[in-house]
Every structure is written in structure tokens, then in C-alpha cells.
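Next come the chains, spelled out residue by residue.
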Amino acid sequence: MALKPNNLHVYNTLSRSKERFEPLAPPFVGMYVCGPTVYGDAHIGHAKSYVSFDVIVRYLRYLGYNVRYVQNITDVGHLTDDADQGEDKVERKARVEQVHPMQIAEKFTRSYFEDMDRLNLLRPDISPRASGHIIEQIELVKAILARGHAYETGGNVYFDVASWPKYGKLSGRNVEEMQAGARVEVAAEKRHPADFALWKRAEPGHIMQWPSPWGMGYPGWHLECSAMSMKYLGESFDIHGGGIENQFPHHEDEIAQAEAATGNPFVKYWLHNNMVTVGGQKMGKSLGNFITLKDAFKKWDPMVLRLFILQSHYRSPLDFSDEALGAAKSGYERLRTTVDALQKRLSPYGQKIFNEITASVKSLVPGLAVPDAIVVHGLPETVPSNVNKDAIRFASEALMQFERAMDDDFNTPTALAAIFDLVRDTNRLVSEAPQSVGTLCILDIAFRQMAGDVLGLVFEVDSTVATGGLDSEAVSVMIDTLIAIRNGARKDKNFALADDVRKRLDKIGIVLEDTPEGTKWRFK
Ligand SMILES: [Zn+2]
């Protein structure tokens, strides 16, 4: 697929400004997003984060970029305390449940993908696990040590923050502030309180441990992301995403590790999504307002949740409440009813003719194929008389507004507004008069492209009226034949048969109308 000319701007946390998106080697885009630590079921905070990055990947692909999307699975090294203290989260859960840590990791990795599948997320191209990349992580520590930016003490290896003046460039923190805020006990073994662990010595009883040049141990949490992102995307790549709460220390440390080891710039664009609040309060296990996706799905359709998330910008906090979900539900119903009605009207034409019509109408609305060439008010030179010109205009305008919104740092609330404008216009057009197949196709494709391909919303199609592969001409001939049979029956005063024919057609969504010019038919 050719790269569409575009005007995409993204907000880069590194520069604290919106920048024109120019990947290092177009049309390729390397994108890494910090994945889950698999010691519990995913919650709605995860949904917000991963739906947001899913839409970013989808839009980049829509623009024609060849995206390699990497999202890690943290199964070792993530401690309960960010300051290199506390217990490994996966090991703690395993101890409580009296199983092997890998059982916990396996169970919640599956659970995570199950939930993300229900939200219709595209699977990452690569889902590397920290425990499967110990060699790469050890090599990275060696490289940092060799360049003099780390030190070993008693089987632990720490990054030497004082040797790295750029430390703090992402989060805007400076090392002096970190010193003032640090706790005394944390600093005991470290040269500087802000130094962070690259490699941790395994304490007795620690299950997840590996041999290393510094003794038996395990990697620090931040290390895996630097090691695995560079393994699959190269030393310098385009986009790194993650939660705003991970800007510091996690992402700051990722940058320091990678750049100290390679001497090259690590990531060009840093994208951070905001968090979910519940009734205005930060969501947390200790606060008792923690909502897992499995619980949320019992009450809400995953697509309603997806729409709800996209109704706010990824960089804005999202407040979860029953009222807000209720509003998202009615929005989704409205959209689904319109898309459903279009597809219901189109389905009798069968897949074959549908594909042919799809191909031919794509050329009528340039935006459906080439966004930069959208003609907003001007219409294509030759529009078949059976295609409603208003439909072309409505679809073109919606597409243009949609792309303009998505180009502006993936502004999904505004993009959704364009889709709902098209819902309104479509409902009006369709209720005014029966529309031709070409007209319905244009509208249907526009919805599927914007709401389906890019925003990832799925609509269940009522397939009961589908004819499965018959072309429209065959359908017309069949219906005309049935009408002739019915009229013959009426002439013969066989009203039972005439009525039966009418009912049978009605059942597959075809209405007969007797007019002075004869019997006409239309789709319901
Ligand atoms: Zn990470």
C-alpha cells in the first residue's frame, strides 16, 4: 500500500510540543509500547492505554505506514517498590497462590490477551517476554559498564546517574531534586540516591534467577524495555508509548540505559497516555475502586467501553462512571443502528456484487482511496445518475474532518464527531427516500473505514437477509419472477398463494408496492 500524503502531528513528551510526524525510514515505523506486568487481571486503566495505542497503530497503517508494533510482557523484575526495593510482583503472587511464578505469568498473559481481543485490539506484531531475553539484558548491562555509566557492588549493578548529564531530559526532573527527595535507607549501597538497578542480586529463596558475570540474579525492571525494543526495532526507532505514570522513573531510565550503551539517540517520539479515574479519584486496588475488565464486560459491551475510551483524547484523563458509560452506550447504539440498516439493505446483493460496487464507488469519493485528494464541495465529473450527490458530499466531508482530527495528535473525540455527523446525514437521506445501492455503498464504506478500520469498532451484521453470493441482477430476476407468479395468482383469485409470495419476500426484507404502473419492490 502506498503511503498517503498526510499532515500528521504528534505530541512528543521529549519536546513538550506537537511535532510533524517524520519517521526515521518511511514507510517503516518502529513502535514500542510498555506492556503489562502479568500478575493480575487487566483493568480499565489497561484498556484505556492499549486501546489508545491500538488506534494509533491502526491510523498509521491506514496512512500506509508499515508499522512494526512491539509490546512486551513483563514476567520478571518488576518490584513492588519503584526504588529497587520490595518483592517481585509475579513472585509475590506465586507465593500467595503457592504456584511457580511462571504459572502466574502464563495465566495472566492469557487473561490479558483474552480481554484485549474482546476489545478488538490488533495483537502486537511481537510480544517479547522479559524472561526470554535475559541474555540480551546481560549484554546491555555489560555495554553500559564498559562505557563507564554503571558500577557493580555486591552482586548488584547500578546505573551511575552522575555520569549521565542528560538524565532527566524526558521527565524534566533534575538529579539534585531526586537527591533531596530520596529516602536514606535506599541510598545505602548506591553512590547516588537516583542510581537505579540494572541487575539485582538474587536473595535466598528467589525463584526467578539466572547466572550472570555478577553472580546469580535477575534484571531490573527498566532494563527489559531498552533491551527488547532495540533488539526488534534497532538502536534508534520512531515511537515509544506508555502510561504517563511511567515517564519517571521507567522511561527516563530506559533512555539512559539505551543511549549510554549505544551512544545513539534512542527514541524519536515519546507518546504518553493519561490515566483513568473513578468518580474523579485515581483508580487503585487500595482505594477499593479498582475495576477489572472481566467485571466491566459483565455490565458493558466491550465495544461500548471502546467507544467510551475514544470519546476522550488519549492525553486527557478519563473518568469512569455508570452515567458516562450509559451515554457511550446510547452513542454506540445510534451508530450501530445506522451501520446495521445500511448493511441490511446491502446484504441482499450478495458479496460478489457488493465487492464490485465497493470498488467502483471508491473512485467516486476520492477520500475513500486518497485522503489528500478529497474534493469537498466539487463532485467527480461523472457521477452515475443512481448515486445520490448529497451522499458523496456527506461522506467526503466526514472523511476529511475525520482525517484532520486524527492528524492532530490522534484526536479521537473530534474524529468521532465527524462520524456522528455522517450518522445524522445518513439517517436523513435513507428516511427521505429509498437510496440506490451505490449510494448505500458509499456511506457504508465510509463508516467501515473510519469507525471500523481506524477506530476498531465492530458492528454485528444481521446476516439473516443475506443471499450469499448472488448478484443483484439474479436477485432482480428472481424477485420479478415471484411478482409475476403473485400477480398471476391474484388474477386467478388464488389469494392464498398471492399472499404467501408477499409474505415470503417480506421475510427476506423485500416489500412489494402495488402502483398504477404495476408492482414495485424495495428493500425494507
Ligand atoms: Zn517499559
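Everything numeric in this text was worked out from a predicted model, so none of it was measured.

The secondary structure content of the protein chain amounts to 18 helices and 17 strands. Expressed as a percentage of the 524 residues in the protein chain, the buried residues total 53%. Sequence-distant contacts in the protein chain: of pairs separated by 6 or more residues, those separated by 24 or more amount to 74%. Only carbon and sulfur atoms are counted for the fraction: they give 52% of the accessible area of the protein chain, which is about 22,800 Å².

It is worth spelling out the packing of helix α11 (residues 322-346) against helix α15 (residues 412-432) at this point. Contact geometry of α11 with α15 gives a least axis separation of 10 Å together with a crossing angle of 45 degrees. Overall, the two elements α11 and α15 adopt an arrangement that is oblique. The way α11 lies across α15 gives a crossing that is left-handed. Here G331, R334, L335, T338, L342 and R345 of α11 come into contact with α15, specifically with I419, F420, V423, T426, N427 and V430. Tallied by class, residues from the contact of α11 with α15 come to six nonpolar, four polar and two charged.

Now for the nonpolar core. The biggest cluster of nonpolar side chains holds 95 residues, and the ones touching the most others in it are M31, L60, L305, L335 and L455. Broken down by element, this core gets its largest block of residues, 11 residues, from helix α1 (residues 44-62). Setting aside anything within four residues of it in sequence, one finds L335 in contact with I419, F420, V423, F447, A451, L457 and F459. Formed by 37 residues, the second largest nonpolar core is a distinct cluster that contains C34, V70, A227 and F266.

Running from N to C, helix α14 (residues 389-407) and α15 point in directions that differ by 170 degrees, and their axes come no closer than 7 Å. Classified by the interaxial angle, the pair formed by α14 and α15 is roughly antiparallel. Taking contact as the criterion, the partners of D390, A391, F394, A395, A398, Q401, F402, A405 and M406 in α14 are, on α15, T412, T414, A415, A418, I419, D421, L422, D425, R428 and L429. Partitioning the contact of α14 with α15 into residue classes produces 12 nonpolar, three polar and four charged.

On to the sheet that holds strand β3 (residues 28-33). Strands sit in the order β4-β3-β11-β12 across an open sheet of four strands; the sheet is parallel. The open sheet has two edge strands with one neighbour each: β4 (66-71) and β12 (267-273). With direction set aside, neighbouring strand axes in the sheet form an average angle of 20 degrees. Examined bridge by bridge, β3 and strand β11 (residues 237-243) share three bridges and lie parallel to one another. Within β11, the position partnered with Y32 by the bridge is H240. Here helix α7 (residues 221-233) sits on the sheet and contacts β3, β4 and β11; the angle it forms with β3, its principal contact strand, is near 160 degrees.

Quick look at the packing of aromatic side chains now. On inspection of all chains with the given rule, the structure shows 15 aromatic pairs. Consider the rings of Y167 and F248, whose centres lie 6.4 Å apart with planes at 65 degrees: the pair is edge-to-face. Note that Y167 is positioned in the loop between β8 (156-159) and α5 (175-181) and F248 in helix α8 (residues 247-262), a separation of 81 residues in sequence. Both residues of the pair, Y167 and F248, count as buried. Above the ring of Y11, the side-chain terminus of R315 is found at 4.1 Å from the ring centroid.

Among the seven residues of β12, six are classified as buried, and the element is accordingly described as predominantly covered. Bridging between β11 and β12 involves six bridges; their strand directions are parallel. Looking at β12, one finds that F237 is bridged to V267. Between β11 and its parallel partner β12, the chain crosses via α8, and the hand of that crossover is right-handed.

By the secondary structure assignment, N12 is in strand β1 (residues 9-12). Side-chain polar atoms of N12 contact the backbone nitrogen of L14, separated by 3.1 Å. At 2.9 Å, the side chain of N12 and the backbone nitrogen of W270 are in polar contact. Look past the residues within four positions of N12 in its chain and what remains in contact with it is S17, E19, K268, Y269 and W270.

Let us now look at the coordination of the zinc ion. In ideal tetrahedral geometry, four donors around a metal make angles of 109.5 degrees, whereas ideal octahedral geometry with six donors gives angles of 90 or 180 degrees. Bound to the zinc ion are the protein donor atoms C34 (SG), C225 (SG), H250 (NE2) and E254 (OE), situated 2.0 to 2.7 Å from the metal. Geometry at the zinc ion is irregular, judged from the four donor atoms that bind it and their angles of 76 to 131 degrees at the metal. We classify C225 as buried; its relative accessible area is 1%.

Moving on, we get to the pattern of salt bridges. As enumerated under the stated definition, the model contains 34 salt bridges in all. Salt bridges linked by common partners bring D421, R424, D425, R428 and E432 together as one network.

On to the confidence of the model for the protein chain, then. Looking at the protein chain as a whole, its pLDDT mean stands at 86, while 85% of the residues score no less than 70. In the model, residues 369-383 has pLDDT below 50 throughout and makes 25 contacts with residues more than four positions away in sequence or in other chains. A low-confidence stretch, residues 462-471 (pLDDT under 50), is modelled with 24 contacts involving residues beyond four sequence positions or located in other chains.

Turning to the environment of D253, a few remarks are in order. By the element assignment, D253 lies in helix α8. Here the alpha-carbon distance between D253 and V161, two residues 92 residues apart in the chain, equals 9.4 Å. When neighbours within four sequence positions are excluded, D253 is seen to be in contact with Y167, F196 and H222.

We now examine helix α10 (residues 302-310). Within α10, nine of the nine residues are buried, leaving the element largely enclosed by the surrounding structure. Burial in α10 covers these residues: P302, M303, V304, L305, R306, L307, F308, I309 and L310. Structurally, α10 contributes buried residues whose contacts are with α1, α3 (101-118), α9 (293-299), β15 (318-320), α11 and α15. For α10, the N-terminal capping position is held by D301, with its side-chain oxygen 2.7 Å away from the main-chain nitrogen of M303.

For V29, the location among the structural elements is in strand β3. Setting aside its immediate chain neighbours within four residues, V29 contacts F21, P23, L60, Y65, N66, V67, R68, D238 and I239.

The end-to-end C-alpha separation of α14 is 27 Å, in line with the 27 Å expected for 19 residues at 1.5 Å each. At the N-terminal boundary of α14, the capping side chain belongs to N388, with an oxygen 2.7 Å from the backbone nitrogen of D390.

About the thresholds
Residues numbered from 1 in each chain as written. Predicted model: local features only at pLDDT ≥ 70, side-chain atom pairs only at ≥ 80, totals over all residues. Heavy atoms only, no water. Helix = DSSP H or I, 4+ residues; strand = E, 2+ residues; numbered from the N terminus. Buried < 20%, exposed > 50% of the residue type's maximum accessible area, 1.4 Å probe, protein only. Contact = heavy atoms within 4.5 Å. Areas by Shrake-Rupley, 256 points an atom, 1.4 Å probe, with all protein chains shown as cover. Axes fitted to C-alpha atoms, helices over the stretch in contact; angles between N-to-C directions. Parallel < 35°, antiparallel > 145°, perpendicular 65-115°, else oblique. Left-handed = near helix turned anticlockwise from the far one by under 90°. Nonpolar A, V, L, I, M, F, W, Y, C, P; charged D, E, K, R; others polar. Core = buried A, V, L, I, M, F, W, Y, C linked by side-chain atoms within 4.5 Å. Pairing = 2+ DSSP bridges. Phe/Tyr/Trp six-rings, centres within 6.5 Å; stacked < 30°, edge-to-face > 60°. Lys NZ or Arg CZ within 6 Å of the ring centre and 35° of its normal. Right-handed = clockwise from strand over helix to strand, strands pointing away. Polar contact = N/O pair within 3.5 Å; in protein donor to acceptor, adjacent residues only side chain to side chain. Donors = N, O, S within 2.8 Å, 3.2 Å for Na, K, Ca; no water. Tetrahedral: all angles 85-135°; square planar, octahedral: opposite > 155°, others 65-115°. Salt bridge = Lys/Arg side-chain N within 4 Å of Asp/Glu carboxyl O. pLDDT = per-residue confidence, 0-100. Expected span 1.5 Å × (residues − 1).

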